[in-house]
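Each chain, letter by letter, is given below.
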Amino acid sequence: MNPLVLWFHKLGSPPYFYRFAGRLVPWFWAAALILGAIGLYGGLVLAPKDYQQGDAYRIIFIHVPSAWMSLFIYAFMAVNGFIALVWRIKLSETLAMAAAPVGAAFTFVCLATGAIWGKPMWGTWWTWDARLTSELVLLFLYLGVIGLYHAIEDRRQAARAAAFLALIGIVNLPIVHFSVKWWNTLHQGSTVKLFGPSLIDSRMLWPLLVMAIATKFVFAASLLSRARVDLLELESGKEWARAEADAAEGRA
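Residues numbered from 1 in each chain as written. Predicted model: local features only at pLDDT ≥ 70, side-chain atom pairs only at ≥ 80, totals over all residues. Heavy atoms only, no water.

Asks: Quick question: what am I supposed to make of the environment of asparagine 172 here?
Replies: By the secondary structure assignment, asparagine 172 is in helix H7 (residues 172-182). As for asparagine 172 and leucine 141, which are separated by 31 residues in sequence, their C-alpha atoms are 9.1 Å apart. (Helix = DSSP H or I, 4+ residues; strand = E, 2+ residues; numbered from the N terminus.)

If you want it as structure tokens, here you go:
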């Protein structure tokens, strides 16, 4: 068997994943802290003032990466939910459900920082703008997935039901992304371009991209930490889980 295929096969084993994730989590948190500190220093100290918004624009270094992560995590959750529904892979069920609270947190941060930014720019904390409304719907979808998962006693049945809801809600992602193009909205269009030159000063762009990478590491560390706990609970009756729980108690 191909070594890479064999590794992915092993990664699907709960005990192997638990130990592998445990080795990665500290490194991911360290990378998140270092990159976050660099990105925030670049954005809050080194980047110049905006010629229209002054220093008020600096909230983008939290707001924009959080907005990107709210969409990225939902897509991650839906993909793992699809795998869980089709192939009944336990690890995908766990990852999908572990991602939901992290995604909800990023979505809440996105909405909260957007409101703080909107007050001086638009003169109001909230308006039923297409981008804001679709992002709020995204938060409700996350909360719906979390609520449905905890409403069913059988954990695996609950994960599959919540995964189905996540797949239905994926239709909201293109609405969030393209809302500023499809409707006349207050929310500004995209200034960071994957293809072609970005419409933002390079001194502002690099801290924003560093913060975007930092949030990826925050997500990865949070996801793996939550998944390890969920796997221990799900596999609590098995010998490997009891051994890991005993070892953790011994270290404490």
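Asks: How do you make sense of the environment of serine 202 when you look at a structure like this?
Replies: Relative to the helices and strands, serine 202 resides in helix H8 (residues 202-234). When its relative accessible area of 52% is taken as the criterion, serine 202 is described as exposed. When the C-alpha atoms of serine 202 and alanine 220 are compared, they prove to be 27 Å apart, with 18 residues separating the residues in sequence. (Buried < 20%, exposed > 50% of the residue type's maximum accessible area, 1.4 Å probe, protein only.)

Asks: Teacher, can you tell me more about the packing of aromatic side chains here?
Replies: Within the structure shown, the criterion is met by nine aromatic pairs. Taken together, a centroid distance of 6.0 Å and an interplanar angle of 90° make the contact between phenylalanine 72 and phenylalanine 219 edge-to-face. Note that phenylalanine 72 is positioned in helix H3 (residues 60-87) and phenylalanine 219 in helix H8, a separation of 147 residues in sequence. With relative accessibility at 38%, the residue phenylalanine 72 sits in the partly exposed group. The buried category is assigned to phenylalanine 219, whose relative accessible area is 5%. An aromatic cluster is built from Phe72, Phe76 and Phe219, whose rings are joined through pairwise contacts. Taking NZ or CZ as reference, lysine 216 lies 5.1 Å from the ring centre of phenylalanine 72, over its face. (Phe/Tyr/Trp six-rings, centres within 6.5 Å; stacked < 30°, edge-to-face > 60°. Lys NZ or Arg CZ within 6 Å of the ring centre and 35° of its normal.)

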